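Structural overview
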Amino acid sequence: MLPRKSSLIALFCLLFSFQTACAQTSSTQKSTPTEQSVIDWTLEKKDVPKGKTQALTVDDKQYNSTRKIWVYTPPQFDAKAAEPYRLIISFDGEDYVKDIPAPIILDNLLAAGKIDPTVQVFVDNSEDRLGDLANHQKFADFVAKDLLPWAQKNFRVSGDADKITLCGYSAGGLGAAFVAFKYPNFFGNILAQSGAFWRGNEGASAPSEWLTEQYKNSAKLNQRFYLEVGGSENQKNAVGLSMLETNQHLRDVLKTKGYNVGYAEIPNAIHNPEHWRGALADGIIYLTGKSVSR
């Protein structure tokens, strides 16, 4: 048997080794690729070149009004570039500028070599948000006939549908898919975050899941989707459906029709900007990343 002093020293060494191993394990768990990628894409970094975001207005001929927008251009943007820039159009524009925040995410993705230089247009809602985004033809006409030509004229963005993405959350996610369905020759990529796909046509509640049925019963379009929804978005709404199950239903319909669909359920996530800010980068990479095959 060891002397008492030696026993205490040995015990201390054993405990120290155990604590060190636990600390190393904890450190490993806190730096998983998924968690680290969220921090990287949403955190502004001093050494990452910054794009420019400017507040502008555009004439909305469909609503006979002037609509507020923001435009992000990447670092070293060239208005006379030989190759047109990719374009992302986001609804609920101010939220995607500030709370999400897409400009910082794009800066980080570009600096990391994940995407090509991309212009993003953030569209402000009218006073009637659902009058814009809840499956309204008038809003689709504005995006296709007024906003897109304006962006192509002023910011050297592509006219190829496969290089143009529509993006939004909740009713904006629904709006992105609706506008793309109405104008598939203009918009080839749909990024929907917690899309409100339970809604009917032209703002109605019934028949529910109207847009899903349109995709189900129409010929397959040349479009790609990224759908993401929170794993805890399972509360029933006024028509007895949850965000989670209606997103799952659209996913299944699209896959059955042969669409390219990226899909993610974010564990424990609820219907809020904190969820969407962490999930946006994966959708952008899936639809427009450099490794995407066309």
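Details of the structure are given in the entry above.
Structural notes, computed from the coordinates. (Residues numbered from 1 in each chain as written. Predicted model: local features only at pLDDT ≥ 70, side-chain atom pairs only at ≥ 80, totals over all residues. Heavy atoms only, no water.)

**Quick look at the overall build of the protein**
- Looking only at helices and strands, one finds 10 helices and eight strands in the protein.
- The buried share of the protein, reckoned over its 294 residues, is 47%.
- Surface exposure of the protein reaches about 14300 Å², of which carbon and sulfur atoms provide 53%. (Helix = DSSP H or I, 4+ residues; strand = E, 2+ residues; numbered from the N terminus. Buried < 20%, exposed > 50% of the residue type's maximum accessible area, 1.4 Å probe, protein only. Areas by Shrake-Rupley, 256 points an atom, 1.4 Å probe, with all protein chains shown as cover.)

**A short note on the pattern of salt bridges**
- Inspection of the entire model under this criterion finds eight salt bridges.
- Across the salt bridge formed by Arg-67 and Asp-60, the nearest N and O atoms sit 2.8 Å from each other. In this structure, Arg-67 and Asp-60 share a single accessibility class: buried.
- Salt-bridge contacts for Asp-92 lead to Arg-129; the nearest nitrogen and oxygen are separated by 2.8 Å. With Asp-92 in the loop between strand S3 (86-90) and helix H3 (93-98) and Arg-129 in helix H5 (residues 129-133), this residue pair connects regions lying 37 residues apart in the sequence.
- Classification of Asp-92 as buried rests on a relative accessible area of 4%.
- When its relative accessible area of 26% is taken as the criterion, Arg-129 is described as partly exposed.
- Here the salt bridges do not stand alone but share partners, grouping Asp-60, Arg-67 and Asp-132 into one network. (Salt bridge = Lys/Arg side-chain N within 4 Å of Asp/Glu carboxyl O.)

**Observations regarding the nonpolar core**
- Core analysis: the biggest nonpolar cluster contains 48 residues, and Ile-89, Phe-91 and Phe-187 have the highest contact counts within it.
- Looking at which element gives the most residues to this core, the answer is helix H6 (residues 137-155), with 10 residues.
- Ile-89 has contacts with Val-121, Val-123, Val-143, Leu-147, Thr-165, Leu-166, Cys-167 and Phe-187, leaving out every residue within four places of it along the chain.
- Formed by 23 residues, the second largest nonpolar core is a distinct cluster that contains Ile-105, Cys-167, Tyr-226 and Leu-287. (Core = buried A, V, L, I, M, F, W, Y, C linked by side-chain atoms within 4.5 Å. Contact = heavy atoms within 4.5 Å.)

**Digging into the pairing of S3**
- By the criterion of burial, S3 is predominantly enclosed, with five of the five residues buried.
- Judged by which residues are buried, S3 turns out to be covered on both faces: Arg-86, Ile-88 and Ser-90 on one side and Leu-87 and Ile-89 on the other are all buried.
- Pairing analysis gives five bridges linking S3 to strand S4 (residues 118-123), with the strands arranged parallel. Across the sheet, Arg-86 pairs through a bridge with Thr-118, a residue of S4. (Pairing = 2+ DSSP bridges.)

**Considering the pairing of strand S8 (residues 260-266)**
- Where strand S7 (residues 224-230) lies against S8, seven bridges are found, and the strand directions are parallel. By the bridge assignment, Glu-228 is partnered in S8 with Ala-264.
- At this point the chain moves from S7, through helix H9 (residues 243-257), to the parallel S8, and the crossover so formed is right-handed. (Right-handed = clockwise from strand over helix to strand, strands pointing away.)

**What about the side chain of Asn-135?**
- Secondary-structure assignment places Asn-135 in the loop between H5 and H6.
- Residues within four places of Asn-135 in sequence aside, it is in contact with Leu-174, Phe-178, Arg-199, Gly-200, Asn-201, Glu-202, Gly-203, Trp-210 and Leu-211.

**Considerations on the sheet that holds S7**
- Pairing in this open sheet of eight strands is mixed, and the strands run S1-S2-S4-S3-S5-S6-S7-S8 from one edge to the other. Across the chains shown, the open sheet's two edge strands, defined by having one partner strand only, are strand S1 (52-60) and S8. Taken over all neighbouring pairs, the strand axes of this sheet differ in orientation by 20 degrees on average, direction set aside.
- As paired strands, strand S6 (residues 189-193) and S7 are joined by five bridges and run parallel to one another. Its bridge partner lying in S7, Asn-189 is registered against Arg-224.
- Set on the sheet, helix H7 (residues 171-182) makes contact with strand S5 (164-169), S6 and S7; between it and S5 the angle comes to about 150 degrees.
- Its contacts with the sheet put helix H10 (residues 273-288) on S3, S5, S6, S7 and S8, and the angle it makes with S7 is roughly 160 degrees. (Axes fitted to C-alpha atoms, helices over the stretch in contact; angles between N-to-C directions.)

**What about the packing of aromatic side chains?**
- What the rule picks out here adds up to 15 aromatic pairs.
- Taken together, a centroid distance of 4.3 Å and an interplanar angle of 15 degrees make the contact between Tyr-169 and Trp-276 stacked. Linking Tyr-169 in strand S5 with Trp-276 in helix H10, this pair joins segments that are 107 residues apart in sequence. For the pair Tyr-169 and Trp-276, a shared accessibility class is recorded, and that class is buried.
- Taken together, the ring pairs in this structure connect Phe-77, Tyr-85, Trp-150 and Phe-155 into an aromatic cluster. (Phe/Tyr/Trp six-rings, centres within 6.5 Å; stacked < 30°, edge-to-face > 60°.)

**Some thoughts on the packing of H6 against H7**
- Running from N to C, H6 and H7 cross one another at 75 degrees; their axes reach a closest spacing of 9 Å. Between H6 and H7, the angle falls in the class roughly perpendicular. Here Gln-137, Phe-139, Ala-140 and Val-143 of H6 come into contact with H7, specifically with Phe-178, Val-179 and Lys-182.
- Per-class residue counts for the contact of H6 with H7 are five nonpolar, one polar and one charged. (Parallel < 35°, antiparallel > 145°, perpendicular 65-115°, else oblique. Nonpolar A, V, L, I, M, F, W, Y, C, P; charged D, E, K, R; others polar.)

No statement about biological role is implied by the geometric values presented.
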